[in-house]
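# Structural overview
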Amino acid sequence: MHPTTQETKSTCCYCGVGCGVIIEHNDLEITGVRGDPEHPANFGKLCSKGSSLHLSAKRILQQQARVLAPHMRENRADALRESDWESCFEFVSERLAQCIQEHGPDSIGLYVSGQLLTEDYYLFNKLAKGLIGTNNIDSNSRLCMSSAVAAYRQSLGADAPPCCYEDIDQAEVILIAGSNTAYAHPILYRRIEEARRNRPQLKVIVVDPRRTDTAQEADLHLAIQPGTDVALFNGMLYLCLWEGWLDQEFIRSHTDGFTELKDLVRDFTPSMVAKTCGIREQDLLEATRWFATSNASLSLYCQGLNQSTAGTAKNSALINLHLATGHIGREGAGPFSLTGQPNAMGGRETGGMANLLSAHRDLNNAQHRAEVAELWGVDELPSTAGKTAVEMFNAARQGEIKILWIVCTNPAQSMPDQHLIREALERAELVIVQEAYRGTATMAYADVVFPAASWGEKSGTVTNSERRISRVRAALSPFAQAKPDWEIAKAVALKLARKLHRDKPYFDYADSEEIWNEHRQSTAGRDLDITGLSYGILDEQGPQQWPYPFGAQKGATRLYTTAQFATENGRAKFIPTAYIAPSEKVSARYPFLLNTGRLRDQWHGMSRTGTVAQLFAHAPEPSVQLAASDMQARFITEGDLIEISNARGKIILPANQSDSLHSGQVFIPMHWGQEFTGGHHLNQDQMSSEHLGVNALTTSAFDPSSKQPELKLAHVKINKIDLAWRFLAVTWISEEELLEVQQNLRQFYSDFSYASCTLFGRGEDAGIVFRGAHTETINADRFQALLQLLQIDSSDNLRYEDKARSASRHIRLQQNHNTRTIRSYALTGDISAESWLSPLLHTKEPIIQSAALLQKNASLGNLKSPASTIVCSCMNVSREKIQDALLNRSQIAIALAPSDKLKLLQNQLACGTNCGSCLPEVRKLIQQTPLAS
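To keep things clear, this report deals only with the structure shown in the data block. For clarity, every value in this text was computed on a predicted model and none was experimentally measured.

Moving on: the nonpolar core. It is characteristic of soluble globular proteins that their nonpolar side chains tend to be buried jointly. Among the nonpolar cores identified, the biggest contains 63 residues, and Leu-156, Leu-222, Leu-232, Phe-233, Leu-323 and Phe-565 are the most heavily contacted of them. Filtering out sequence-adjacent residues up to four positions away, Phe-233 remains in contact with Leu-175, Ala-177, Leu-305, Lys-314, Ala-317, Leu-318 and Leu-321. Formed by 50 residues, the second largest nonpolar core is a distinct cluster that contains Leu-123, Val-372, Trp-405 and Leu-430.

Encoded structure:
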C-alpha cells in the first residue's frame, strides 16, 4: 500500500524574496515541491534552487548529510561522541552558569543566523539579553544587511524598507546597484522581465563592476571601478543640482540637512566622477536624467553596496538621491534593499543582533531597555554594547569570550579572514554548534553538537524583503533526533535559570505561536506594529505586510506615503556622504582586486544545495574568473592552476576566462569553502598550512557604522603555478552513499597542493569528480586508499601504468544487460584523456573495444565532444544543444527576432520553461550566435 500524498503550504528557505511553496509529501518523506500560486511574493514561480528543495530533502540523502543525534566531548583533546539530549542540555547549562559566575556574562557569545525563524530569533535574543545578561548576540545578517539597516535608520528613522514588489510593475526607471538580481533574487528578476515586456518604455540601469547576467540585459550598464559607488551617487546628485532636476518642494517640506549635503557634492563634477568611477560622462548624465526626470524611479540594491567599509555611506548616498528627487513614498518609487537571507528581516524585528532590542528598539536607549525589561519581567537589561560578528570572534581569539554558541550558520566558511576565525574557534574554551548538516567546516571545532530541525520540519514565521510575514509549516517531524531551534534554546534556558536561581524571564513556551504572540506584544506602538495580526489571520488570509496594528484590515503596502518619516521630527535626513576609497587598493605587490558573489544555482555555504547533484551542472567545479587580457598577458590558459594570495592567506583554483570582468579584477564565488576545495602549502614559517576557501583572502575590516565587513573587495596577486603531478577521478556513486563518500574524500585534500570534490548527474544517477594536483606523487598507501574510497580499485579494472612518468589510467567498466559502459575512471600524471573519457562516462556510451581505452590517444570512432556546460538545470539543456539549434538550418536559426528565437528554442528544448533562471544566459547565447546563412 502506497503512503497517502499530502500537501502543506510553507515558505522557501533560501533568499529574502520569501517565495511561497507547496510541499508534497507522505508521512515519511517530502516527495515534491512547487510554487504557491496564491503567494504574493512569487505567484507560483520558483527558481532553480527553490524548485529542487524536495531533492535536498530526500531521506536517502538526509541520512548521510544530517546531524542525526546530539554529540559532545568534555575535553577538547577527546573525539566527539554520540550522547543524548538530557546529558548535553545539562552539560551546556552547567558550563554556561560556571562561565557567568567566574568570568561574567560577557564571556559568552551567541552567533546566530538569518535562516532562523522569527520565533527562534526571539527566544535566543531573550536568552542572551534577558537571562545570561549579555548583548553578545549577533547574526550572520551582519555580513549581509547591516549597512542597509544603518542607512535606513540614519536617513528615514527606522529599519523599514519603504517599497514593495508591486513597485517593480509600476516603476518607469529601475536602478539596480550592487546586485546580480538574476542570480541572487531570480524570482524578482522574473518580475522585472515581465514588467519590461508589459511596458517597453521601462528603463533599467545597472551599477556593477562586472558585466553580469543582470548587467548585460540593462538599458545602461555603469561598470564602475570597485568601491566607487559613493562617488557615483554624489555625482548624480551634482547633476541633479546643476540641471535643476530636484524636487524642491519635497526637500523644503519633508527633509533636513540638504544644505550641508549640497556643499559636499559640489566637488563631484562629471569629469571627476567619470575618472574616479571609470565610466563615460555621457553615461553618467544619461543615467541621472532617466532617474531624476521619470515619474517613478525605484532602486534595488544588495551586497555590492552593503559588504563594504563604506557600506552605510553607499546606501545613504543612494537614499539621498531618492529624497532629492522625491522618488519615495509612492507607487513605483523608493530605495528598496533586497534581503539576502530568508529571515534577516525577522531577526532584526526581534532584536537578535548586538545593537538592537525587540521591535526595532535601540540598545543605547535607556527607555527602550526599560520597556523590554518590563515585558520580560526582569529588573534591567545590560547596557554595555554587544560584540558584532567580527568583534565577537576577535574577542574569542583574544580570550575575552570563553564560550561560543553558533546557531544555524557556518562561520568557518562564511566569515572573512578565515585564519582569524579558526584561531578564535580553537581558543574558545567551549564551542556549541547547533546545526542540521554535519558536513560544515565549523563542525570540526564543536565540543557540543545540537542536531537542529531543518526546512520542512519546523513551524513559525519569516519576513521577506517587502515586510511581508509568511508562515513556515512543518510537513514532517524533525529528522532522526533533531529538534526545532526554539525548543533547544528553551531547554537550555530552563536549566540555566535554575542554576542561576532565577525565575524570570519566562521560557516555558508550549509552542511557536506562544513565542510569536509575545513578540507581537513587544511591537505595540512601534514602526513595525503587528498587534492586529495573528497566526489565525496568516493561516486564513495568507501572508501580510507590516505594520498591521490592532484594528487594521490589512498591512501597509508601502511606507511614507504621507511623507511623514520615522524620525523624531517626522522629516527625512540627508546624510553627507564623503567618498572614501576602499580599505584595500591595488599596488605593485597586489595588482588585482578580488570580488566575491553568488552562483546561480548554489546558496551560501552549500550545506543544502551542495547535496543536490544537478545544482552543480551550471558551475561544475570551483574556479577563479579572470579577464581575457590578464590571462593572455600572463600566458594563462583555461584550466591552468592559479595561486591567489595576499597577506591573510592563499588558495589555488583553476582559471576560468570571463567576459564579465575588466582587467585587474578577479572573481571567486562566495560558496567555495573547505567543504568543496582544499589543499595545503608551506607558510612563511615553512609549516604546512591548509587552504581555507575564498574567505581566507577577504578582509575583516568593517564599516564604522554598520560593523559589516568588506567581503566584496580585497587586494590580491595571482601567479600561474605548475604542479607537475595531476590526479583526476570521475565516478558514478550510488545515491545511498554519495554524500558519505564525498564527505570522506575531504580527508585527502591535505595530500595535495590543490584539490576539489564536487557532484555531477541528476537524481539517482549521480557521481563525484575529485581533482588534485601536487608537486610530486602522493604517498602510495594514501593513493590506494583514495582509489578504494572512489570505488576504482576493483581487481577487474582496466589499468595502464608508466612509473617513469608517474602516469596511470584506471578504468572500471559496468555490465548493463548486453553492453558495457564506463562506471569510473582515474588518471594520474597526464590527464588529457579526460577530454574523451568524461563524455563516454556521462553519456553511458556502450564500450565495444575496451582495450582501446588504455591507448594514449584512443580512437573509438564517433566520440562525442567534451561535456558541455549545462545552461538550463531544470531541463538539463546544455550550451552545446542551444548553440546547435541556433546554428543549424532549422526554423530557430532563420528566425530574425531574438524573441522569436527564444520562443522556438523553448518549444524545441524546453530551456527556460520551468523556473526561468537560465533565461538571461539563453538570451545572451542568442545574441552571440551569428545568423544562419
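We are not done yet, so read on.
Overall, mixed pairing links the seven strands, which are arranged S5-S4-S18-S17-S16-S6-S7 in an open sheet. Two strands bound the open sheet, and with one partner strand each, they are strand S5 (81-82) and strand S7 (137-139). Here strand S6 (residues 108-112) runs beside S7; their pairing, made up of three bridges, is parallel. Counted as the bridge partner of Leu-110 is Ile-137 from S7.

Before going further, it helps to spend a moment on unusual backbone geometry. In this structure, Pro-505 follows Lys-504 across a cis peptide bond, with omega equal to -5°. Its place among the elements puts Pro-505 in the loop between helix H22 (485-499) and helix H23 (512-522). Of note, the amide linkage connecting Trp-546 to Pro-547 takes the cis form, showing an omega dihedral of 0°. Mapped onto the elements of the fold, Pro-547 is located in the loop between strand S21 (544-545) and strand S22 (572-573). Positive phi, normally seen in glycine, also occurs at Phe-43, with a value near 45°. Take Phe-43: it is sitting in the loop between strand S3 (30-35) and helix H1 (53-56).

Per the counting criterion, the structure on display carries 26 aromatic pairs. A centroid spacing of 4.8 Å and a plane angle of 40° characterise the contact between Tyr-560 and Phe-565, whose relative ring orientation is tilted. Here Phe-565 falls in the buried class, since its relative accessible area comes to 5%. Taken together through their ring pairs, the aromatic side chains of Trp-725, Phe-727, Tyr-749, Phe-752, Phe-770 and Phe-783 make up a single cluster. The aromatic ring of Trp-546 is capped on one face by Arg-467, whose charged end is 5.8 Å from the ring centroid. Between Arg-746 and the ring centre of Phe-676, over which it is positioned, the NZ or CZ distance is 5.9 Å.

For side chains bearing opposite charge, pairing can occur when the charged atoms are close. Under the defined criterion, the tally for this structure stands at 52 salt bridges. The partner of Asp-765 in a salt bridge is Lys-844, with the nearest N and O atoms 2.9 Å apart. Of this pair, Asp-765 sits in strand S34 (residues 765-774) while Lys-844 sits in the loop between helix H28 (834-843) and strand S38 (870-872), and the two are 79 residues apart along the sequence. Since its relative accessible area comes to 38%, Asp-765 is described here as partly exposed.

His-368, Arg-369, Val-372, Ala-373 and Trp-376 are the residues of helix H18 (residues 366-376) that are buried. Buried residues in H18, looked at end-on, bunch into an arc of 135°, giving them a common side. Of the exposed residues in H18, those oriented more than 90 degrees away from the buried face are Gln-367 and Glu-374. Buried positions along H18 lie against helix H4 (118-132), strand S14 (356-357), strand S15 (361-362) and H23. With a side-chain oxygen lying 2.9 Å from the backbone nitrogen of Gln-367, the N-terminal cap of H18 falls on Asn-365. Count one or two residues on from H18 and you reach Gly-377, which has phi positive near 75°.

Thresholds, definitions, all that
Residues numbered from 1 in each chain as written. Predicted model: local features only at pLDDT ≥ 70, side-chain atom pairs only at ≥ 80, totals over all residues. Heavy atoms only, no water. Core = buried A, V, L, I, M, F, W, Y, C linked by side-chain atoms within 4.5 Å. Buried < 20%, exposed > 50% of the residue type's maximum accessible area, 1.4 Å probe, protein only. Contact = heavy atoms within 4.5 Å. Pairing = 2+ DSSP bridges. Helix = DSSP H or I, 4+ residues; strand = E, 2+ residues; numbered from the N terminus. Phe/Tyr/Trp six-rings, centres within 6.5 Å; stacked < 30°, edge-to-face > 60°. Lys NZ or Arg CZ within 6 Å of the ring centre and 35° of its normal. Salt bridge = Lys/Arg side-chain N within 4 Å of Asp/Glu carboxyl O. Arc of directions from axis to C-beta. Polar contact = N/O pair within 3.5 Å; in protein donor to acceptor, adjacent residues only side chain to side chain.

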